[in-house]
Amino acid sequence: MEVILKRSVEGLGVPGDVLTVADGYARNYLLPMQLAVHATERNRRYLEHQKRVIDQQEAKDREHAREIAAQITGVTCTLKRRAGENDRLFGSVTSMDVAEALRSEGFEFERRFLELTEPIRELGVFMVPVKLHTDVVVELRVVVEREE
């Protein structure tokens, strides 16, 4: 039986895949659990329409991310923190701190876009990747200075 997956199924496929599976598997598991639908002509047309809509939305999102990336390029985020000997910070600078500093400069985006692998624990200049979209990644310059 041919089915179109509505959700990702481990070991089988991802949403939108058209697969041929055993009749019993489709009737007893995939269809009742609403993981798939019959691969009728109407459902195939609907799937194609949905793919076009998703592609258009994806293009809009990508363009918006590129606009934001162009604004962020060249921006330096400066944070002042208390530090001890050997330029080690008392505490650390996290993605939340960087996001708040960017908000104060007029940029609005979520901290989950900042790809800070581990907190910054010393003074210096750091390049933090900002992943605005799967295709759009920009480097943000973060400067951590000693607080007087």
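Below or above, wherever it landed, is the structure these notes cover.

As a further point, take unusual backbone geometry. Phi is positive for Asn86, close to 60°, though the residue is something other than glycine. Summarising the element assignment, Asn86 is placed in the loop between β4 (76-81) and β5 (88-93). The phi angle at Asp87 is positive, at roughly 60°, despite the residue not being glycine. One can find Asp87 in the loop between β4 and β5.

What the three strands build is an open sheet, ordered β4-β8-β7; its pairing is mixed. Edge positions in the sheet fall to β4 and β7 (124-131), since each has one partner strand and no second. Averaged over all pairs of adjacent strands, the angle between strand axes in this sheet comes to 30°, irrespective of strand direction. Where β4 and strand β8 (residues 137-146) come together, six bridges link them in parallel fashion. What sits directly across from Leu79, in β8, is Val144.

So, on to the environment of Ala39. Here Ala39 shows up in the loop between β3 (36-38) and α2 (41-72). Those residues in contact with Ala39 that lie beyond four places of it in its chain are Glu2, Val3, Ile4, Val18 and Arg44.

What follows covers the environment of Leu79. The residue Leu79 is located in strand β4 in this model. Given a relative accessible area of 7%, Leu79 falls into the buried group. Setting aside chain neighbours within four positions, we find Leu79 in contact with Val93, Asp97, Val98, Ala101, Val142, Val143, Val144 and Glu145.

Right, let's get into the packing of aromatic side chains. On inspection of all chains with the given rule, the structure shows one aromatic pair. Aromatic pair Tyr25 and Tyr29: ring centres 5.6 Å apart, planes at 20°, arrangement stacked. In this pair, Tyr25 and Tyr29 are both assigned in helix α1 (residues 23-30), four residues apart and thus about one turn of the helix distant.

This brings us to the nonpolar core. In terms of nonpolar packing, the biggest core is built from 28 residues, with Val98, Leu132, Leu140 and Val142 touching the most fellow members. When residues of this core are traced back to their parent elements, those giving at least two are α2, β4, β5, α3 (95-104), β7 and β8. Excluding its chain neighbours within four sequence positions, the residues that come into contact with Leu140 are Ile72, Val75, Val98, Leu102, Leu114, Phe126, Met127, Val128 and Val130. Grouped together as the second largest cluster of nonpolar side chains are nine residues, Val3, Leu19, Val21 and Ala26 included.

Another aspect to go through is the environment of Gln50. Within the secondary structure, Gln50 is located in helix α2. On the basis of relative accessibility, which here comes to 30%, the residue Gln50 falls in the partly exposed class. Spatially, the C-alpha atoms of Gln50 and Ala39 are 15 Å apart, while their sequence positions differ by 11 residues.

With that out of the way, let us pick up the side chain of Asp97. For Asp97, the location among the structural elements is in helix α3. Judged by relative accessible area, which is 18%, Asp97 ranks as buried. Residues contacting Asp97, with those up to four places away along its chain left out, are Leu79, Arg81 and Ser92.

What follows deals with the sheet that holds β3. An order of β2-β1-β3 is seen for the three strands of this open sheet, with the pairing classed as antiparallel. Only two strands of the sheet have a single partner each, and these edge strands are β2 (18-20) and β3. Direction aside, the axes of adjacent strands within the sheet are offset by 40° on average. For strand β1 (residues 2-5) and β3, the ladder comprises three bridges, and the chain directions are antiparallel.

Parameters and conventions
Residues numbered from 1 in each chain as written. Predicted model: local features only at pLDDT ≥ 70, side-chain atom pairs only at ≥ 80, totals over all residues. Heavy atoms only, no water. Helix = DSSP H or I, 4+ residues; strand = E, 2+ residues; numbered from the N terminus. Pairing = 2+ DSSP bridges. Axes fitted to C-alpha atoms, helices over the stretch in contact; angles between N-to-C directions. Contact = heavy atoms within 4.5 Å. Buried < 20%, exposed > 50% of the residue type's maximum accessible area, 1.4 Å probe, protein only. Phe/Tyr/Trp six-rings, centres within 6.5 Å; stacked < 30°, edge-to-face > 60°. Core = buried A, V, L, I, M, F, W, Y, C linked by side-chain atoms within 4.5 Å.

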